[in-house]
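Topology and contacts: notes
For reference, the chains in residue letters:
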Amino acid sequence: MILDLDIGNTLSKWRLKDADSSEIRSRGAVWTREEWRPGSDIPDLDVVEAVRISSVARAAVLDDTVKLLRHRVGAVHVARSTAEALGVINGYEEPGRLGVDRWMGALAGYQLAGGCCAVDCGSAITVDFVLPGGKHLGGYILPGLRLMKESLKLGTRNVAIDPDSEAEELLEPGRRTVEAVNHGIYMAAVSAINRIYCEVCDQHGVALPMLLTGGDARVISRGVQVPHAVWPDMVYGGLEACFPLTLAERAGKMAGAPKVAEPVSLEKIHAGLAFSMLL
Ligand SMILES: Nc1ncnc2c1ncn2[C@@H]1O[C@H](COP(=O)(O)OP(=O)(O)O)[C@@H](O)[C@H]1O
Ligand SMILES: CC(C)(COP(=O)(O)O)[C@@H](O)C(=O)NCCC(=O)O
Ligand SMILES: [K+]
């Protein structure tokens, strides 16, 4: 069994993948915390022959995790942001400083779709661009839905956006504090994503496929007008591509990869932008 770990600022996600059949056998998530214990949080390390890790938590969290796992598991692969990988050139001035979850997402997106816009809706919302040919432009970092809400301190932090809400409802003016906050932060997130996408595609003259991942991807997806696909396992896809272990992975297959949505034409993107500038 292969254990894949995606340690984010809020949640540490894990999944067990069958090394022979490439099927996902189980998955889960625990809060990212300082003294995270893989032995007690993740079931049955005895069946695990290899671990792949993407972590943006404090270095000490990763160090402890790796130390614990090395005792129990033969192979532990830790992903790093590098200047180049799998045909993608990292756009950061200091490539190692790009969040490794963003790098994994960009690599997975490029492997799946060629040039792409990779959006990760977690504690932060990140929007990264890779052009056809593999040039990563860099990206944008915004507070995620939960962080935006907590920063307001209006006593609404415990009333989350219902992930099953329809976008039309979430974009209406709120008539209670909690609604005004939820609808405000939702509007901020989806309009920023739509606008960023249009600006960058227009500027670079290419309509890129968009891929969405992260804990808030489903609800944000409903408000994003740009054609896109949701890929909950996108960060794991980067781990698979960087450290291929199964036959399917060596053949370039990433688990749960969605059908890529055809982007709208550049003309439409340009017209939409021109219109929004008039408002
Ligand atoms: N069951 C859940 N528990 C916690 N957060 C959730 C849950 N479902 C959705 N979320 C949202 O997902 C975000 C965490 O998403 P995730 O992609 O795991 O973030 P990170 O990678 O930063 O840890 C939270 O900030 C919250 O807005
Ligand atoms: C931007 C992030 C905080 C997003 O993390 P997440 O919301 O997925 O927990 C993470 O990718 C990170 O710590 N990045 C380092 C800074 C950078 O990418 O420039
Ligand atoms: K994120």
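Residues numbered from 1 in each chain as written. Chains lettered and ligands numbered in written order. Predicted model: local features only at pLDDT ≥ 70, side-chain atom pairs only at ≥ 80, totals over all residues. Heavy atoms only, no water.

**With respect to the UniProt feature "active site" (unreviewed entry) in the protein**
Taking the numbering used here, the UniProt-annotated feature "active site" (unreviewed entry) corresponds to Asp 101. Relative to the helices and strands, Asp 101 resides in helix H3 (residues 100–113). Leaving out residues up to four positions away in the same chain, Asp 101 has contacts with Ser 54, Val 56, Asp 120 and Val 235. (UniProt positions renumbered as here; feature names shortened; annotations may be inferred. Helix = DSSP H or I, 4+ residues; strand = E, 2+ residues; numbered from the N terminus. Contact = heavy atoms within 4.5 Å.)

**A closer look at the domain arrangement of the protein**
Entries for the protein in the domain assignment read domain 1 (2–78) and domain 2 (84–273). Between the C-alpha centres of domain 1 and domain 2 the distance comes to 24 Å. With 24 residues of domain 1 at the interface, the matching set in domain 2 holds 18 residues. Contact between domain 1 and domain 2 buries roughly 1600 Å² in total, counting both sides, with carbon and sulfur atoms accounting for 58%. Of all residues in domain 1, Arg 15, Arg 52 and Ser 54 give up the largest surface area on contact with domain 2, accounting jointly for 31% of the area buried on that side. Summed over the shared surface of domain 1 and domain 2, the result is six salt bridges. A salt bridge links Asp 233 to Arg 15; the nearest nitrogen and oxygen atoms lie 2.8 Å apart. The interface formed by domain 1 and domain 2 holds eleven residue pairs in polar contact (both at pLDDT 80 or more) in total. Elements represented by at least two residues in the side of domain 1 that touches domain 2 include exactly strand E1 (2–7), strand E2 (11–17), strand E3 (24–31), strand E4 (50–55) and strand E5 (75–78). (Domains from an automatic or database assignment. Buried area = accessible area lost by both parts, 1.4 Å probe. Salt bridge = Lys/Arg side-chain N within 4 Å of Asp/Glu carboxyl O. Polar contact = N/O pair within 3.5 Å; in protein donor to acceptor, adjacent residues only side chain to side chain.)

**Some remarks on the site of ligand 1**
Close to ligand 1 lie Gly 8, Asn 9, Thr 10, Leu 11, Lys 13, Trp 31, Gly 122, Ser 123, Arg 146, Gly 214, Gly 215 and Asp 216. A distance of 2.8 Å is found between an oxygen atom of ligand 1 and a backbone nitrogen or oxygen belonging to Leu 11. Here an oxygen atom of ligand 1 sits 2.9 Å away from a polar atom, N or O, in the main chain of Gly 215. Its free accessible area being 560 Å², ligand 1 has 73% of it covered by the protein chains. Among the residues forming the shell around ligand 1, the class breakdown is two nonpolar, seven polar and three charged. (Near = heavy atom within 4 Å. Areas by Shrake-Rupley, 256 points an atom, 1.4 Å probe, with all protein chains shown as cover. Nonpolar A, V, L, I, M, F, W, Y, C, P; charged D, E, K, R; others polar.)

**Observations concerning the nonpolar core**
Counting 35 residues, the largest nonpolar core has Val 119, Ile 125, Tyr 197, Met 210 and Ile 220 as its most contacted members. Contributing elements (two or more residues each) for this core: strand E8 (116–121), strand E9 (124–130), helix H4 (145–152), helix H5 (167–170), helix H6 (177–204), strand E11 (210–213), helix H7 (217–223) and helix H10 (266–278). No other element matches the eleven residues that H6 contributes to this core. Apart from residues no more than four positions distant in its own chain, Ile 125 is found in contact with Val 119, Asp 120, Tyr 140, Ile 141, Leu 142, Pro 143, Gly 144, Leu 145, Ala 189, Ile 193 and Ile 220. Counting residues in hydrophobic clusters, the runner-up holds 17 residues, among them Leu 5, Ile 7, Leu 69 and Val 76. (Core = buried A, V, L, I, M, F, W, Y, C linked by side-chain atoms within 4.5 Å. Buried < 20%, exposed > 50% of the residue type's maximum accessible area, 1.4 Å probe, protein only.)

**Some thoughts on the confidence of the model for the protein**
Taken as a whole, the protein shows an average pLDDT of 94; of its residues, 96% reach a score of 70 or greater. Here the predicted complex carries an ipTM of 0.95, next to a pTM of 0.96. (pLDDT = per-residue confidence, 0-100.)

**Some thoughts on the packing of aromatic side chains**
For the structure shown, the criterion picks out one aromatic pair. Ring plane angle 80° and centroid distance 6.5 Å describe the contact between Phe 129 and Tyr 140, whose orientation is recorded as edge-to-face. Pair noted here: Phe 129 is in strand E9 and Tyr 140 is in strand E10 (residues 136–143), with a separation of eleven residues, a long-range link. The exposure class of Tyr 140 is partly exposed, given its relative accessible area of 34%. (Phe/Tyr/Trp six-rings, centres within 6.5 Å; stacked < 30°, edge-to-face > 60°.)

**As for a negative patch on the surface**
A cluster of acidic residues, Asp 162, Glu 166, Glu 168, Glu 169 and Glu 172, forms a negative patch at the surface. In this fold, Asp 162 is placed in the loop between H4 and H5. A relative accessible area of 42% means that Asp 162 is categorised as partly exposed. (Patch = residues over 30% accessible without salt bridge, like charges linked within 9 Å, V, L, I, M, F, W, Y side chains within 5 Å. Lys, Arg positive; Asp, Glu negative; His and termini not counted. Charge placed at Lys NZ, Arg CZ, Asp CG, Glu CD.)

**Brief notes about the sheet that holds E9**
With mixed pairing, five strands are arranged side by side in an open sheet as E10-E9-E8-E11-E12. Every other strand in the sheet has two partners, leaving E10 and strand E12 (228–230) as the edge strands with one partner each. Averaged over all pairs of adjacent strands, the angle between strand axes in this sheet comes to 15°, irrespective of strand direction. In this sheet, E10 lies alongside E9 in antiparallel orientation, the contact comprising seven bridges. Within E10, the residue paired with Ala 124 across the bridge is Pro 143. Together, E8, E9, E10 and E11 form the strand contacts of H3, whose direction differs from that of E8 by roughly 140°. Each of E8, E9, E10 and E11 is contacted by H6, which is oriented at about 15° to E9, the strand it contacts most. (Pairing = 2+ DSSP bridges. Axes fitted to C-alpha atoms, helices over the stretch in contact; angles between N-to-C directions.)

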